[in-house]
Amino acid sequence: MEEIKTKGIIISAKDYLDSDKIVTIFSLEFGLIHARLRGVKKSGAKLAFACQPFALIEFIVIKKNNFYTIINATSIDQFFDITADFDNYIFMLACLEVIQKTIKENDPDEDMFVLLLKTFKLVCYEHILPMIAFIKFMLEAMNLLGFKIELERCAICDKEVKNDFRFSFDYNGLICENCSNKLDYLELSKGEVAILTKINYATFDNLKNLKFLSRNDLVSVISLLCKIFRLQTDEEIVSIKKFL
Ligand SMILES: [Zn+2]
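Treat the numbers as computed from the prediction; the structure is a model and nothing was measured.

The rules behind these values
Residues numbered from 1 in each chain as written. Predicted model: local features only at pLDDT ≥ 70, side-chain atom pairs only at ≥ 80, totals over all residues. Heavy atoms only, no water. Pairing = 2+ DSSP bridges. Helix = DSSP H or I, 4+ residues; strand = E, 2+ residues; numbered from the N terminus. Axes fitted to C-alpha atoms, helices over the stretch in contact; angles between N-to-C directions. Contact = heavy atoms within 4.5 Å. Salt bridge = Lys/Arg side-chain N within 4 Å of Asp/Glu carboxyl O. Buried < 20%, exposed > 50% of the residue type's maximum accessible area, 1.4 Å probe, protein only. Phe/Tyr/Trp six-rings, centres within 6.5 Å; stacked < 30°, edge-to-face > 60°. Lys NZ or Arg CZ within 6 Å of the ring centre and 35° of its normal. pLDDT = per-residue confidence, 0-100. Donors = N, O, S within 2.8 Å, 3.2 Å for Na, K, Ca; no water. Tetrahedral: all angles 85-135°; square planar, octahedral: opposite > 155°, others 65-115°. 1 Å grid on protein atoms, 1.4 Å probe; cavity = no way out; pocket = protein on both sides within 12 Å on 5 of 7 lines; lining within 4 Å. Points joined across faces, edges and corners; volume = space filled by probe spheres on them.

(A) Focus on the sheet that holds strand 8 (residues 186-188). Spatial ordering of the open sheet is given by 7-6-8, a layout of 3 strands whose pairing is antiparallel. Only two strands of the sheet have a single neighbouring strand rather than two, namely strand 7 (173-175) and strand 8. Across this sheet, the average inter-strand angle for adjacent strands is 50°, counted without regard to direction. Here strand 6 (residues 165-168) runs beside strand 7; their pairing, made up of 3 bridges, is antiparallel. In the sheet register, Phe167 faces strand 7, and the bridge partner there is Leu174. Strands strand 6 and strand 8 of the sheet are contacted by helix 5 (residues 190-201), whose axis makes an angle of about 80° with strand 8.

(B) Seen up close, the pattern of salt bridges. Under the definition given, this model contains 12 salt bridges. Here Arg153 ties to Asp158 by a salt bridge, and the two come within 3.5 Å at their closest N and O atoms. Owing to a relative accessible area of 34%, Arg153 belongs among the partly exposed residues under this scheme. Classification of Asp158 by relative accessible area gives partly exposed; the value is 49%. Taken together, the shared-partner salt bridges connect Asp15, Lys21 and Lys41 into one network.

(C) Representation of the packing of aromatic side chains within the structure. Taken as a whole, this structure holds 10 aromatic pairs when the rule is applied. Between the aromatic rings of Phe54 and Phe120, the centroid separation amounts to 5.7 Å while the plane-to-plane angle is 75°, which identifies the pairing as edge-to-face. With a gap of 66 residues between them, Phe54 in the loop between strand 3 (31-37) and strand 4 (56-64) and Phe120 in helix 3 (residues 110-125) connect regions that are remote in the sequence. Of the two residues, Phe54 and Phe120, neither departs from the other in class, the shared state being buried. Aromatic pair Phe147 and Phe229: ring centres 6.5 Å apart, planes at 50°, arrangement tilted. Here Phe229 lies in helix 6 (residues 215-233) and Phe147 lies in the loop between helix 4 (130-145) and strand 6, a separation of 82 residues in the sequence. Phe147 gets classed as buried once you look at its relative accessible area, which sits at 9%. Grouped by ring-pair contacts, the aromatic residues Phe54, Phe79, Tyr89, Phe120 and Tyr125 constitute a single cluster. A cation over an aromatic ring shows up here: Lys227 above the ring of Phe169, its NZ or CZ 4.1 Å from the ring centre.

(D) Layout of the confidence of the model for the protein. For the protein, per-residue confidence averages 95 on the pLDDT scale, and 100% of positions sit at 70 or higher. At the low end of the mean pLDDT range in the protein sits helix 5, at 95; at the high end sits helix 3, at 98.

(E) The coordination of the zinc ion, seen in detail. Here the zinc ion is held by the protein donor atoms Cys154 (SG), Cys157 (SG), Cys176 (SG) and Cys179 (SG), which lie 2.3 Å from it. Coordination at the zinc ion is tetrahedral, judged from the 4 donor atoms that bind it and the angles of 104 to 115° they form at the metal. Within one chain, the residues serving as donors to the zinc ion are arranged as C-x2-C-x18-C-x2-C.

(F) Looking closely at the layout of surface pockets. By volume, the largest pocket amounts to about 260 Å³. Elements with a contribution of two residues or more to the lining of the largest pocket: strand 3, strand 4 and strand 5 (67-77).

Shown next, in the form of structure tokens:
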């Protein structure tokens, strides 16, 4: 059996038999994989760190048919600040959920992998508000997954949208006054649109310079993004549902 080296971010881990766990990993080389970690529930298990959600780990695995078994692991970054703070934890858990629901087995996605790591780093090392980091993650992820939202021009006629901000879920973007006749839309406030556009156009390095006063607007933007995600993928982001 071949030994394979891969880098991966831990999504979740489930108990398996008496002392093992099945770890779900977002692997850089293989997309989503499920791998068995033997004996990890025994006290003093030396690879216990390799089943902690959010951790970036380098694994040695063996693959038999479609089953992976972890035979060794080295920690690259455990991102401890994510689990040390409730808001960090909840919003970064929502990012893991998005990954779990969109990345497929044997279908690597390097762009999404890099995006997830950059988002963890924003929260842990730049101390960006986790809600802002989550909004940035969602905007970038939607772009990568093929359902980028239109924020500047009418999603139907391409006219610039300036004052009335009408969001159409059918067209996945803002629509102008003319086009909004007879269509269902959600009226967005100036504050909500400002959050969306500022975060969308800021680079990861510039996010720390953005200042937002309204937590309510951040929460409603997150609700909007979660609804768009649900409509586009048929998947619900459950980890932040209670929070919204
Ligand atoms: Zn229009």
